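Residue-level structure breakdown
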Amino acid sequence: MLIAFIFCFIFARFFYVQIVWGRELQNKALDQWTRELPIVAERGVIKDRNGIVMVENQTAYSVYIRPRSVTDPHKVASVLSSVLGVNEAEVYKKATTKTTSEYVIAKRRTVEDMEKISEYDLSGVYYSKDNVRSYPYGDFLTQVLGYVSSDNVGQAGLEKYYDKYLRGQDGEILYETDLLGIQLEGTKVSYTPSVKGLDIVLTIDYAIQQIAEQAMEIAYAVHSPKRAECIVLDPSSGEILAMASKPSFDLNDIPRDNVAMLNSLGRNGLVSDSYEPGSTFKILTASANIEEYFNGNKNAFSLDHVFNSAGTRTVLGRTIKCWTKHTGEKHVNQTIKDALNNSCNPCFVDMALALGKETMYKYISAFGYGSVTGVDFVGEAQGMVLPVSAVTDGDIARIGFGQTIAVTPIQLAAATASAVNGGYYYVPHFLKAVYDGDNLVERVAPVVKNRTVSEKTSAIMAKYLEGVVSEGSGKQAYIEGYKVGGKTGTAQKYENGVIAQGKYVASFVGFFPADNPKYLALVIVDEPVGQHYGSTVAAPYAKLIFEGIINEKGLKAQKDRG
């Protein structure tokens, strides 16, 4: 009985050691008797919608030394110093400090460097192949593409957001060594290949992006603003066709040693920053009023209602004036269409107050303000919308014409698209497809988040906004023969809760063809020097972008402008 028990115990112990504990012991043995060199996986490439490569890889090498395998530290230090330009004394110190199994001497070195080093047959010196990110177009789509860390991990922009697709799986080279870490002669080298990351195709159109980049460069040069930026998207799908911001930097020369500059120039403010939209927000107020009128809301104004021609409104003891106070003009006999053409603040005060805060907030929510759009990008902001419980009539009056509310540019672009595309709020997005080589892994379909207004209201708004460009404040975006719609905006900036004198955000959001929008552009010029109205500072650059698209795509003029 005792012998049987002892036999069973020994058998159980063998079973535990070999089967249960075996894998762990094997790994420990492998770790003691081997040394590995990493093989960094090649990241997936990033292409535009037409297959143009915008981010790719270049081969580079990392150089290592293993002190216990070095037989001539003086020669190793001398050669590596000469070829790689590293400090000879530091290399010698590492080559003779055998308490550490391995040191990295240099990264991102050329094949020519490796060929020179290999001529000397240095014991204890190894190298591994790396893949370094390369951006063929340099300062192009900078804030969107983003960049990777020194370890080839996505650190900003789409490189970070889609790192799970792009990164791939690292491999390794295993060398057999003795317990001191010295490579054993005559032993085999084990090689585990890396697995390349997946390729992603964006909704970005290289040609349109180039047009947008050039337009923003001109705006930045002419108006010397803090920033000039734009979004171009397809209102019928939410696909982002271009996104440009100036000033910027070359992605092949990232200012990593200047963190403040990197954060400032690398930040995608079109997604991450909020601003007071000014008159571009009137699109929501007019849309809400028209929709409510058709829904039978007796507080809403009819399309032919004529607003009080007085150039001011007094709400809770505070006077709200029209922008014409600076020009001496007077807006008389204004309908909703006229109010949009002339961007007349008092008319939108009337609309907002008549609808009331509950109804206005219903549309603010439906148009996506106060919440993220869901765009596939890191760090999207929500904007700032006052809690409905805290809103006064004075607040609602100002919200009606784009004050007392802060939005992000991507919110405004997506909201405006829904107002003119039939009332469909599409989630804006950058990703179009994911590929593993030639094999399709995933295709991204447009997503309708909700409805904002009816097709009837949307068609009227598109027609009215076409009138803003052909007859009203947006004339500098007009293109003969093409149905361009849009709305200008000029907003004062605030610092420490008070108006910052002389600081404005000029903007224009436009689209075409107005009767079936395929291209929408939002242009924002932050703190322009000199002229500051959206009609003169932003609208002309939307026109430049639209003209560029027309020429690039060979779009024919529309005969019917009725």
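Residues numbered from 1 in each chain as written. Predicted model: local features only at pLDDT ≥ 70, side-chain atom pairs only at ≥ 80, totals over all residues. Heavy atoms only, no water.

Looking at the packing of aromatic side chains
Selection rule: Pairing of aromatic side chains requires ring centres within 6.5 Å, counting the rings of Phe and Tyr and the six-membered ring of Trp. Pairs whose planes differ by under 30 degrees are stacked, by over 60 edge-to-face, and all others tilted. Residue burial is assigned from relative accessible area. The probe radius is 1.4 Å, only protein chains are included, and a residue is buried under 20% of its type maximum, exposed over 50%, and partly exposed in between.
Summed over the entire model, instances satisfying the criterion amount to 11 aromatic pairs. Here Y161 and Y162 contribute two aromatic rings whose centre-to-centre distance is 4.9 Å and whose plane-to-plane angle is 75°, an arrangement assigned as edge-to-face. A relative accessible area of 7% means that Y162 is categorised as buried. Through a chain of ring-to-ring contacts, three or more aromatic side chains come together here, namely Y137, F140 and Y206.

With respect to the sheet that holds strand β9 (residues 227-233)
Stated precisely, the cut-off is as follows: When DSSP finds two or more bridges between a pair of strands, those strands are recorded as paired. Helix and strand assignments come from DSSP, with helices taken as H or I runs of at least 4 residues and strands as E runs of at least 2, each series counted from the N terminus. Structural elements are reduced to axes, namely lines fitted to C-alpha atoms, with helices fitted over the stretch in contact, and the angle between N-to-C directions of any two is expressed from 0 to 180 degrees. Contact definition: two residues touch when any of their heavy atoms are within 4.5 Å.
Taken together, the 5 strands give an open sheet; going across it, the order is β10-β9-β19-β18-β17, and neighbouring strands pair in antiparallel fashion. A strand with exactly one partner marks an edge of an open sheet, and here the two such strands are β10 (240-246) and β17 (485-495). Ignoring which end each strand starts from, the neighbouring axes of this sheet average 10° apart. Taken strand by strand, helix α17 (residues 455-470) contacts β17 and β18 (498-512), and its axis lies near 75° from that of β17.

Digging into the confidence of the model for the protein
Which entries qualify depends on this criterion: The predictor attaches a confidence to each residue, and that confidence, scored 0 to 100, is pLDDT.
Confidence along the protein averages 88 in pLDDT terms, with 87% of residues attaining 70 or more. Confidence drops under a pLDDT of 50 for residues 24-35, and excluding neighbours within four residues, the segment shows 20 contacts in the predicted structure. The model gives residues 178-184 a pLDDT under 50, and that stretch makes 20 contacts with residues more than four places away or in other chains.

Notes on the environment of A219
On the secondary structure map, A219 appears in helix α9 (residues 206-223). Residue classification places A219 among the buried residues on the basis of a relative accessible area of 0%. Apart from the residues within four sequence positions on either side, A219 is in contact with S224, P225, A228 and Y541.

Some remarks on the side chain of K246
Keep this limit in mind: Pairing of N or O atoms within 3.5 Å defines a polar contact, subject to two protein rules: one partner must be a possible hydrogen donor and the other a possible acceptor, and residues neighboring in sequence count only if both atoms are side-chain atoms.
Along the chain, K246 turns up in strand β10. Look at K246 and you get buried, because its relative accessible area is 4%. Here E213 takes part through its side chain, which lies 2.7 Å from a polar atom of the side chain of K246.

A look at the nonpolar core
As a reminder of what qualifies: The set of buried Ala, Val, Leu, Ile, Met, Phe, Trp, Tyr and Cys residues whose side-chain atoms join them within 4.5 Å is what this entry labels a nonpolar core.
Among the nonpolar cores identified, the biggest contains 92 residues, and I200, M243, L340, Y369 and F430 are the most heavily contacted of them. Setting aside anything within four residues of it in sequence, one finds F430 in contact with V144, L158, V201, L202, T203, I204, I240, M243, V375, D376 and F377.

Overview of the pattern of salt bridges
For the record, the criterion: Definition used for salt bridges: Asp or Glu carboxyl oxygen within 4 Å of a side-chain nitrogen of Lys or Arg.
Here the structure, examined in full by the defined rule, presents 20 salt bridges. Where E239 meets R49, a salt bridge forms, and the shortest distance between an N and an O atom there is 2.9 Å. Remark: R49 occurs in the loop between β2 (46-47) and β3 (53-65) and E239 occurs in the loop between β9 and β10; sequence separation between them is 190 residues. Overall, the relative accessible area of 7% leaves E239 in the buried class. A salt bridge links D350 to R313, with the shortest nitrogen-to-oxygen separation between them at 2.8 Å. In this pair, D350 is assigned in helix α14 (residues 345-366) and R313 in strand β11 (residues 312-315), connecting sequence segments 37 residues apart.

With respect to the environment of P528
Considering the arrangement of structural elements, one finds P528 in the loop between β19 (519-526) and α18 (534-537). Expressed as a C-alpha distance, the spacing of P528 and A219, which sit 309 residues apart in the sequence, is 9.2 Å. If sequence neighbours within four positions are ignored, P528 has contacts with H223, P225, Y504 and V537.

Describing the packing of helix α3 (residues 73-84) against helix α4 (residues 88-96)
Our working rule: Roughly parallel covers angles under 35 degrees, roughly antiparallel covers those over 145, roughly perpendicular covers 65 to 115, and oblique covers all other angles. Here a crossing is called left-handed whenever its near helix is offset anticlockwise from the far helix by less than a right angle, and right-handed whenever the offset is clockwise. For this classification, Asp, Glu, Lys and Arg are treated as charged, while Ala, Val, Leu, Ile, Met, Phe, Trp, Tyr, Cys and Pro are nonpolar and the rest, including Gly, are polar.
One can describe the packing of α3 onto α4 by two numbers: an axis separation of 8 Å at closest approach and a directional angle of 140°. Here α3 lies oblique to α4, going by the angle between them. Seen from above, α3 lies across α4 with right-handed handedness. For the pair α3 and α4, the contacting residues are P73, H74, V76, A77, S78, L80 and S81 in the first and E88, V91, Y92, A95 and T96 in the second. Its residues assigned to classes, the contact of α3 with α4 comprises 7 nonpolar, 4 polar and 1 charged.

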